[in-house]
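One letter stands for each residue in the lines below.
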Amino acid sequence: CLCVGVFENGQTQKSEVDFPAELRETLRGYSIAWVDYKTDNLKEEAASIAASLGFNPLLPATLLQGQYASYEDFDMEMGLMLPVIKVNKLDVLTLPLLILMRRNFILTIHATNLSRFERLGRYAETFLKKIPQNISTPDKLTVLLSRIIDQNNEKNFEHLRFIEEEGDSISE
């Protein structure tokens, strides 16, 4: 479980923990934070992971009932489910990516076998430092959310390009 956050004074902190509940107190000190959690069983563990960080467990459960693109708004927290495309040769696997947002942080939950956010995780401290401190917290979350969605889309298109390349080599 990766956590990257920015304190009110602009200092950043990056940490990795085994259990998301270990981050609950730490998250209160951040002006904005991102937690990325990988799990082997998203459908069974998403609700408990979300609850351990203070989310309503119904939020991920409701999202997972829909298609791979869904949205839920629970007033003080909201969630998105986006598709993640993974390609192995010509086998296409579509998996869910959960993005939960509340107050001052974003939680992403996805399958362990996906390499979605390694690059973003490496430079997340630098990225979060560049978000202007004088804008509102919802605006900071919007900037962070945009980057997370962009990273997911970039990886999806990378995998789709691989299908195209494989198709070209087969047709030759």
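Details of the structure are given in the entry above.
Described below are features of the structure shown in this document. Given the structure is predicted, the values throughout are model-derived calculations rather than measurements.

1. What to know about the overall build of the protein chain
Point 1. Within the protein chain, the regular secondary structure consists of five helices and seven strands.
Point 2. Going from the N terminus to the C terminus, the protein chain shows its helices and strands as β-β-α-β-α-α-β-β-β-β-α-α.
Point 3. Its C-alpha atoms give the protein chain a radius of gyration of 17 Å, within 12% of the compact-globule value 16 Å for 172 residues.
Point 4. The burial tally for the protein chain puts 44% of its 172 residues in the buried class.
Point 5. Here the contacts in the protein chain between residues at least 6 apart in sequence split such that 58% fall between residues at least 24 apart.
Point 6. Accessible surface for the protein chain amounts to roughly 9,200 Å². Of this, 50% is attributable to carbon and sulfur atoms.
Point 7. Seen as two clouds, the 18 positive and the 25 negative side-chain charges of the protein chain have centres 5 Å apart.

2. Here's the deal with the pattern of salt bridges
Close approach of charged atoms lets side chains of opposite charge pair.
Point 1. Enumeration over the complete set of coordinates arrives at five salt bridges.
Point 2. Between arginine 28 and glutamate 25 there is a salt bridge whose closest N-O contact spans 2.9 Å. Here arginine 28 pairs with glutamate 25, and both are found in helix α1 (residues 24-28), just three residues apart, close to one helical turn.
Point 3. With a closest N to O distance of 2.7 Å, glutamate 154 and arginine 119 form a salt bridge.

3. Re the nonpolar core
Point 1. One finds Trp34, Ile99, Ile106, Leu128, Leu144 and Ile148 to be the most contacted residues of the largest nonpolar core, which totals 25 residues.
Point 2. Counting 24 residues, the second largest nonpolar core, distinct from the first, contains Leu42, Ala50, Phe55 and Leu98.

Thresholds, definitions, all that
- Residues numbered from 1 in each chain as written.
- Predicted model: local features only at pLDDT ≥ 70, side-chain atom pairs only at ≥ 80, totals over all residues.
- Heavy atoms only, no water.
- Helix = DSSP H or I, 4+ residues; strand = E, 2+ residues; numbered from the N terminus.
- Rg over C-alpha atoms; globule rule 2.2 N^0.38 Å.
- Buried < 20%, exposed > 50% of the residue type's maximum accessible area, 1.4 Å probe, protein only.
- Contact = heavy atoms within 4.5 Å.
- Areas by Shrake-Rupley, 256 points an atom, 1.4 Å probe, with all protein chains shown as cover.
- Lys, Arg positive; Asp, Glu negative; His and termini not counted.
- Charge placed at Lys NZ, Arg CZ, Asp CG, Glu CD.
- Salt bridge = Lys/Arg side-chain N within 4 Å of Asp/Glu carboxyl O.
- Core = buried A, V, L, I, M, F, W, Y, C linked by side-chain atoms within 4.5 Å.

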